[in-house]
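# Overview (structure and organization)
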Protein chains: 2
Amino acid sequence: MKKRFIGVGFLAAVGLMMALGGAGMSIAEDKVISRSEQWAEKYPHQYKSWKKTSENDEISDMIKKKPQLAILWAGYGFAKDYNAPRGHFYALQSNINSLRTGAPVGPATGPMPTACWSCKSTDVPRIVAEQSELEYFTGKWAKYGNEMVNPIGCANCHDSETGDPAISSAYLVRGLEAAGLKSTNIDGEDMRTLGCAQCHSEYYFKATEWTDKDGNKKVAKVVTFPWDNGLSAEDMETYYDDIGFKDWTHKISKAPMLKAQHPGYEIFQSGIHAKSGVTCADCHMPLIKEGDETYSSHHLVSPLDDMENICLDCHDQDVEELRAVVERKFERKEQLMEIAMNSLAKAHLEAGKAWEAGASEAEMEEILTDIRHAQWRWDYAIASHGSYFHAPEETLRLLALANETAQEARLKLVKVLAKHGAADFVAPDFSTKEKAQALAGVDLEKLVAEKLEFKATLLEEWTASAIEKGKLDPDARKGMSNKTSYSK
Amino acid sequence: MKKRFIGVGFLAAVGLMMALGGAGMSIAEDKVISRSEQWAEKYPHQYKSWKKTSENDEISDMIKKKPQLAILWAGYGFAKDYNAPRGHFYALQSNINSLRTGAPVGPATGPMPTACWSCKSTDVPRIVAEQSELEYFTGKWAKYGNEMVNPIGCANCHDSETGDPAISSAYLVRGLEAAGLKSTNIDGEDMRTLGCAQCHSEYYFKATEWTDKDGNKKVAKVVTFPWDNGLSAEDMETYYDDIGFKDWTHKISKAPMLKAQHPGYEIFQSGIHAKSGVTCADCHMPLIKEGDETYSSHHLVSPLDDMENICLDCHDQDVEELRAVVERKFERKEQLMEIAMNSLAKAHLEAGKAWEAGASEAEMEEILTDIRHAQWRWDYAIASHGSYFHAPEETLRLLALANETAQEARLKLVKVLAKHGAADFVAPDFSTKEKAQALAGVDLEKLVAEKLEFKATLLEEWTASAIEKGKLDPDARKGMSNKTSYSK
């Protein structure tokens, strides 16, 4: 296997220009240039390629494609709205448009905490630098509505003063420390994976009491990587079990659920590309030649869109042969994923029926733990981009385990159902988004109406305020589409 | 990925020296040199390396290691005795010593057909050349007891006249034809995989009526590769379902079962090594330098025993890193295999209980089909050598499917059991070989006593006869151990 460490030269010898304080972090000079267009003059090619992420604006409604999702996430925001990822340019818009972030009416209203802006905007490191990390993590999402106006961009991965690659998220550094991984002297080569790991990782919001400089006691919801035991699904499952953490109580089964975010960095580590020394940037940020200049693409798309330039840099097979290999990997994942989702959905619905039929807490306890673990393993396996390619074997193993655990829950459930006179119960049809959301108790019409009201009112105020304060250049949004899963 | 097609030069341009007739096949001049020691003078290095396969003589009792196997194969020979493979040198001895081949008392007694000698001895192509393929496939195993005296060796993969690599098994050629794969002009490069595919493949014994040259109507049990629909587990499952074939009826569950043999060639095709043009011989028959001479090793062991010489010919990682990658693949397979075997064993035992409790054929039909399919997928996934390495993703996919299908059977079974008043049935303990074989109705003591009697009598006669007729050189067995799973 040839190894290629592209572009390391111009990234190397970059120091991490951050001082990580106990109460948060501060980037040198506390100055973050959050408007990416202000980087364009100095880095025109990189900026232009980053801007191309705006072309990836299509909404792919995953709940429509996989209606089981609404059952799996019943009682949690994801059951309302969940779309395939779009370009970085749309990270912020997707967050604002999502029915998950609801329809706040003022700075103190929810439903989400401020932490939900993390990984959506270059204004996050700016606010952290201006106000402290713990202040940023305190309060409701709407608190920063008029501050978070620029999507993921330059300042998320580069030092605003030097332009060098730099980590802007202290929680990644804390996660690496907890995992016993390299957390200091992070250099340009490290950044080729860790830059991405800042966001493409698993996290939860850890309630953290703190006192601000005026002596006010506050509780921050701090993005925390559950890496103390390691990066595998089992390691994190143990972490969450040990601290008794749950993201929510399932609306149908009442199971204490975990929601995997997108443990892409973690699962990638178990795959052969990572083990061969390949970094995220090697495949997702290929070098582009334009005239006399060579630069690293910031378009960040699937390498399948440019296999000649990316895959063939290491592999010498025919592109179509390689594509067929990747497609087969995808098919295998889809097959096991579909099976696991169906088993999980039925387990939730059968558990719901068991409660209805009079099952006791004692009868249900082990079953609900099974459901929690099964869904976590499924979610860890597929929640990140391209796990089927980054770590195909780990993905298949976890999907198999997820299904096994869900089926074990169902085997126990049949016995409980039989005991309570409901042996013949068959889970209702969840084969469309409408049917599944109805079972999950999602009132889509109401959610959409509220969201549209929010967009027509408070969101307009936020945007106007940001423009007025010079936080947002309206020209930066020229030609930006505004698609949602609920657009007419 | 560097590609290496080692040793193709000296193998290339080899014609297939066989005329495949309708009633079988005949090798040129109908002369097969079945005693491998007779090749030693011309091919001293190759012979010496082949002879080293005699060092791999340890018995690893798989039923002891994985007691579930006795349940899975209840009613079939494999439940009696099943050991990990040993060197080619012991292929014949393992077959004779196995409790599966029973204790015949004369040339017409069973339990196995003549086909069971296939892939055990160089005397098979000799007998086929002397008597015709259909005659060879007619009758009981004991018919050829005094003919089959030399283990897998030179004549299985080489033309006795020219020494060139050549297919000796017509059934492989018919299989390739049925699958639409290359079946003519098989050259030296093809042989680097197809030589192995002669035996390391899936097959069944197809009952075939024929008339011998004296006009006698006979029924041959012909080794047949079920490849008409393709090489995947699903392709073969469909093939067997379409012709209503079963290897046996399960003793406990009554399911119409399939036994996968060792579809190593088939599953290897789905893996990345095959897709990258790597052949079996590239990794299992590395070139050895001795003084001025270079030859292809015929020792045929795991490449893990010589990674420096084998893996590093294409890969440039550290050997220990590569070994860790392979070990992780093994662990993943073991994990899913264990889960699938437990589900399958429970499914059989629960089905047995359902019959006992009064379940009807109609209630059981779908369940038994599930069990048949589940076990086939498990068996296809793991029955061949090193599938976890040759095709890790396909192996994991199939183990996941096997388990899912077994668990679906079990979910149906709980309902049937509940209907017949046995909702609380829990499958009995099968955690040791003794317990599992007892459940499977294996009378090991009786089988061993019969086998020892056979070895002390008829087998001695066979050996003496073969020596007398010049078919066996007793010196060829000097220093040969005689280990079995039932040795004291």
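Residues numbered from 1 in each chain as written. Chains lettered and ligands numbered in written order. Predicted model: local features only at pLDDT ≥ 70, side-chain atom pairs only at ≥ 80, totals over all residues. Heavy atoms only, no water.

### Some words on the overall build of chain A
- Check the secondary structure of chain A and you find 21 helices and eight strands.
- Here chain A has a C-alpha radius of gyration of 23 Å; the compact-globule value for 488 residues is 23 Å, and the two agree.
- Expressed as lengths along the three principal axes of its C-alpha atoms, the size of chain A is roughly 75 × 60 × 45 Å.
- Summarising the internal contacts of chain A: among those between residues at least 6 apart in sequence, 74% fall at separations of at least 24. (Helix = DSSP H or I, 4+ residues; strand = E, 2+ residues; numbered from the N terminus. Rg over C-alpha atoms; globule rule 2.2 N^0.38 Å. Contact = heavy atoms within 4.5 Å.)

### Description of the relation of the copies chain A and chain B
- When chain A is fitted to chain B, the residual RMSD is 0.0 Å, and the transformation amounts to a turn of 180° plus an axial shift of 0.0 Å. Overall, the copies show the geometry of a two-fold rotation axis. (Least-squares fit on C-alpha atoms with pLDDT ≥ 70 in both.)

### What about helix H20 (residues 444-456) of chain B?
Residue and element names in this part refer to chain B.
- Compared with the 18 Å implied by 1.5 Å per residue over 13 residues, the 18 Å span of H20 between its first and last C-alpha is a close match.
- The set of residues buried in H20 consists of Leu447, Val448, Lys451, Phe454 and Lys455. For H20, the arc enclosing every buried residue in end-on projection is 125°, short of the 170-degree limit, so these residues lie on one face. Away from its buried face, by an angle of more than 90 degrees, H20 presents the exposed residues Glu445, Glu453 and Ala456. (Expected span 1.5 Å × (residues − 1). Buried < 20%, exposed > 50% of the residue type's maximum accessible area, 1.4 Å probe, protein only. Arc of directions from axis to C-beta.)

### Regarding the nonpolar core
- Counting 217 residues, the largest nonpolar core has Trp117 and Trp378 of chain A together with Trp117 and Trp378 of chain B as the members making the most contacts within it.
- Setting aside anything within four residues of it in sequence, one finds Trp378 of chain B in contact with Leu69, Leu72, Trp73, Met337, Ala340, Met341, Leu344, Leu399 and Ala402 of chain B. (Core = buried A, V, L, I, M, F, W, Y, C linked by side-chain atoms within 4.5 Å.)

### Focus: the pattern of salt bridges
- Inspection of every chain in the model, using the stated rule, returns 79 salt bridges over all chains.
- For Glu356 of chain A, the salt bridge identified is with Lys353 of chain A, shortest N-O distance 3.5 Å. Separated by three residues within a single helix, Glu356 of chain A and Lys353 of chain A lie in helix H15 (residues 319-357), roughly one turn from each other.
- For Lys353 of chain A, a relative accessible area of 24% puts it in the partly exposed group.
- Between Asp241 of chain B and Arg372 of chain B there is a salt bridge, with its nearest N and O atoms 2.9 Å apart. You can see Asp241 of chain B sitting in helix H11 (residues 233-242) and its partner Arg372 of chain B sitting in helix H16 (residues 361-382), a full 131 residues away along the chain.
- Take Arg372 of chain B: its relative accessible area is 6%, and that puts it in the buried class.
- One salt-bridge network, in which partners are shared between bridges, spans Glu234, Glu393, Glu394 and Arg397 of chain A together with Arg328, Lys329, Glu331 and Arg332 of chain B. (Salt bridge = Lys/Arg side-chain N within 4 Å of Asp/Glu carboxyl O.)

### Concerning the interface of chain A and chain B
- Contacts between chain A and chain B engage 39 residues on the former and 39 residues on the latter.
- Inspection of the chain A/chain B interface yields ten salt bridges.
- One can count 16 residue pairs in polar contact (both at pLDDT 80 or more) joining chain A with chain B.
- Those elements that provide at least two residues to the side of chain A that touches chain B are helix H13 (272-275), H15 and helix H18 (392-419) of chain A.
- Take the side of chain A that touches chain B: its biggest share by element is 15 residues, from H18 of chain A.
- Across the side of chain A that touches chain B, the residue classes tally to 15 nonpolar, eight polar and 16 charged. (Polar contact = N/O pair within 3.5 Å; in protein donor to acceptor, adjacent residues only side chain to side chain. Nonpolar A, V, L, I, M, F, W, Y, C, P; charged D, E, K, R; others polar.)

### Section: the side chain of Glu202 of chain A
Residue and element names in this part refer to chain A.
- By the secondary structure assignment, Glu202 is in the loop between helix H10 (188-197) and strand S3 (204-211).
- The side chain of Glu202 is buried and forms no salt bridge, while Lys259, the nearest opposite charge, is found at 7.0 Å.
- Looking at Glu202, its side chain comes within polar contact range of the side chain of Tyr240, at 2.8 Å. (Lys, Arg positive; Asp, Glu negative; His and termini not counted.)

### Some words on the state of the cysteines
- For the structure shown, the criterion picks out two disulfides over all chains.
- Residue pairing for Cys119 of chain A: its cysteine sulfur links by disulfide to Cys199 of chain A, the two sulfurs lying 2.3 Å apart. Here the S-S torsion is close to -100°, and the disulfide linking Cys119 of chain A with Cys199 of chain A is therefore left-handed. Here Cys119 of chain A is found in the loop between helix H5 (91-97) and helix H6 (123-131), whereas its partner Cys199 of chain A is found in the loop between H10 and S3, with 80 residues between them in sequence. Grouping residues by exposure puts Cys119 of chain A and Cys199 of chain A together as buried.
- In this structure Cys283 of chain B is not part of a disulfide, and its nearest cysteine sulfur, from Cys311 of chain B, lies 6.8 Å away.
- Owing to a relative accessible area of 17%, Cys311 of chain B belongs among the buried residues under this scheme. (Disulfide = S-S within 2.5 Å.)

### A closer look at the packing of helix H16 (residues 361-382) of chain A against H18 of chain A
All names here are of chain A.
- For the pair H16 and H18, the least separation of the axes is 8 Å and the interaxial angle reads 160°. As the angle between them shows, H16 and H18 are arranged roughly antiparallel. Note on packing geometry: the crossing formed by H16 with H18 is left-handed.
- The class makeup of the residues in the contact of H16 with H18 is 16 nonpolar, three polar and seven charged. (Axes fitted to C-alpha atoms, helices over the stretch in contact; angles between N-to-C directions. Parallel < 35°, antiparallel > 145°, perpendicular 65-115°, else oblique. Left-handed = near helix turned anticlockwise from the far one by under 90°.)

### Regarding the packing of aromatic side chains
- Enumeration according to the criterion identifies 60 aromatic pairs over all chains in this entry.
- Seen in terms of ring centroids, Trp73 of chain A and Phe78 of chain A are 5.2 Å apart; in terms of plane orientation they differ by 55°. Their pairing is tilted. Each member of the pair Trp73 of chain A and Phe78 of chain A is classed as buried.
- Taking 6.4 Å as the distance between ring centres and 65° as the angle between the ring planes, the aromatic pair formed by Trp117 of chain A and Trp462 of chain A counts as edge-to-face. Of this pair, Trp117 of chain A sits in the loop between H5 and H6 while Trp462 of chain A is found in helix H21 (residues 458-468), placing the two residues 345 residues apart along the sequence. Each member of the pair, Trp117 of chain A as well as Trp462 of chain A, is classed as buried.
- The residue whose ring lies beneath Arg100 of chain A is Phe78 of chain A, and the NZ or CZ to ring-centre distance is 4.0 Å.
- The ring of Phe78 of chain B carries the charged tip of Lys259 of chain B above its face, separated from the ring centre by 4.7 Å. (Phe/Tyr/Trp six-rings, centres within 6.5 Å; stacked < 30°, edge-to-face > 60°. Lys NZ or Arg CZ within 6 Å of the ring centre and 35° of its normal.)

### Thoughts on the environment of Arg86 of chain A
Residues and elements named next belong to chain A.
- Topologically, Arg86 is positioned in the loop between helix H4 (68-72) and H5.
- For Arg86, a relative accessible area of 11% gives the class buried.
- On a C-alpha basis, the gap between Arg86 and Ala402 in space is 27 Å, while along the polypeptide they are 316 residues apart.
- Once residues lying within four places of it in the same chain are set aside, the contact partners of Arg86 are Asn56, Asp57, Glu58, Ile59, Gln93, Ser94 and Lys483.
- Only 2.9 Å separates the side chain of Arg86 from the backbone oxygen of Asp57, close enough to count as a polar contact.

### Let's talk about the confidence of the model for chain A
Residues and elements named next belong to chain A.
- Across chain A, pLDDT averages 93, with 94% of residues at or above 70.
- Here residues 1-29 is modelled with pLDDT under 50, and outside its nearest four sequence neighbours on either side it reaches 69 contacts, counting other chains as well.
- For this predicted complex, the interface confidence reaches an ipTM of 0.93, while the overall pTM sits at 0.94. (pLDDT = per-residue confidence, 0-100.)

### Side note on the environment of Asp241 of chain A
Residues and elements named next belong to chain A.
- Residue classification places Asp241 among the partly exposed positions, given a relative accessible area of 29%.
- In sequence terms Asp241 and His373 are 132 residues apart; their C-alpha atoms lie 9.5 Å from each other.
- Once you skip the residues sitting within four places of it in the chain, Asp241 turns out to touch Arg372 and His373.
- At 2.9 Å, the side chain of Asp241 and the side chain of Arg372 are in polar contact.

### Things to note about the side chain of His158 of chain B
Residue and element names in this part refer to chain B.
- With respect to the secondary-structure elements, His158 resides in the loop between helix H8 (154-157) and helix H9 (170-179).
- Of the polar contacts made by the side chain of His158, one reaches the backbone oxygen of Gly163; its length is 2.9 Å.
- Setting aside residues up to four positions removed in sequence, His158 forms contacts with Trp39, Gly163, Asp164, Pro165, Ala166 and His298.

### Thoughts on helix H15 (residues 319-356) of chain B
All names here are of chain B.
- Look at H15: 55 Å from first C-alpha to last across 38 residues, which is about the 56 Å you get at 1.5 Å a residue.
- By the N-cap criterion, in which a side-chain oxygen at the helix start approaches the backbone nitrogen of a residue two or three places on, H15 is capped by Asp318, the distance to Glu320 being 3.0 Å.
- Looking one or two residues beyond H15, the residue adopting positive phi is Gly358, at roughly 105°.

### Remarks on the environment of Val326 of chain B
All names here are of chain B.
- Secondary-structure assignment places Val326 in helix H15.
- Sequence-wise, Val326 and Gln68 are 258 residues apart; in three dimensions their C-alpha atoms are separated by 25 Å.
- Once residues within four sequence positions are removed from consideration, Val326 is found in contact with Leu304, Tyr388 and Phe389.

### So, the packing of H11 of chain B against H16 of chain B
Residue and element names in this part refer to chain B.
- Relative to each other, H11 and H16 sit at 135°, their axes nearing to 10 Å. Between H11 and H16, the angle is such that the two are oblique. For H11 against H16, the interelement crossing comes out right-handed. Contacts from Ala233, Met236, Glu237, Tyr240 and Asp241 of H11 reach H16 at Arg372, His373, Trp376, Arg377 and Tyr380.
- Tallied by class, the residues present in the contact of H11 with H16 amount to five nonpolar, one polar and four charged.

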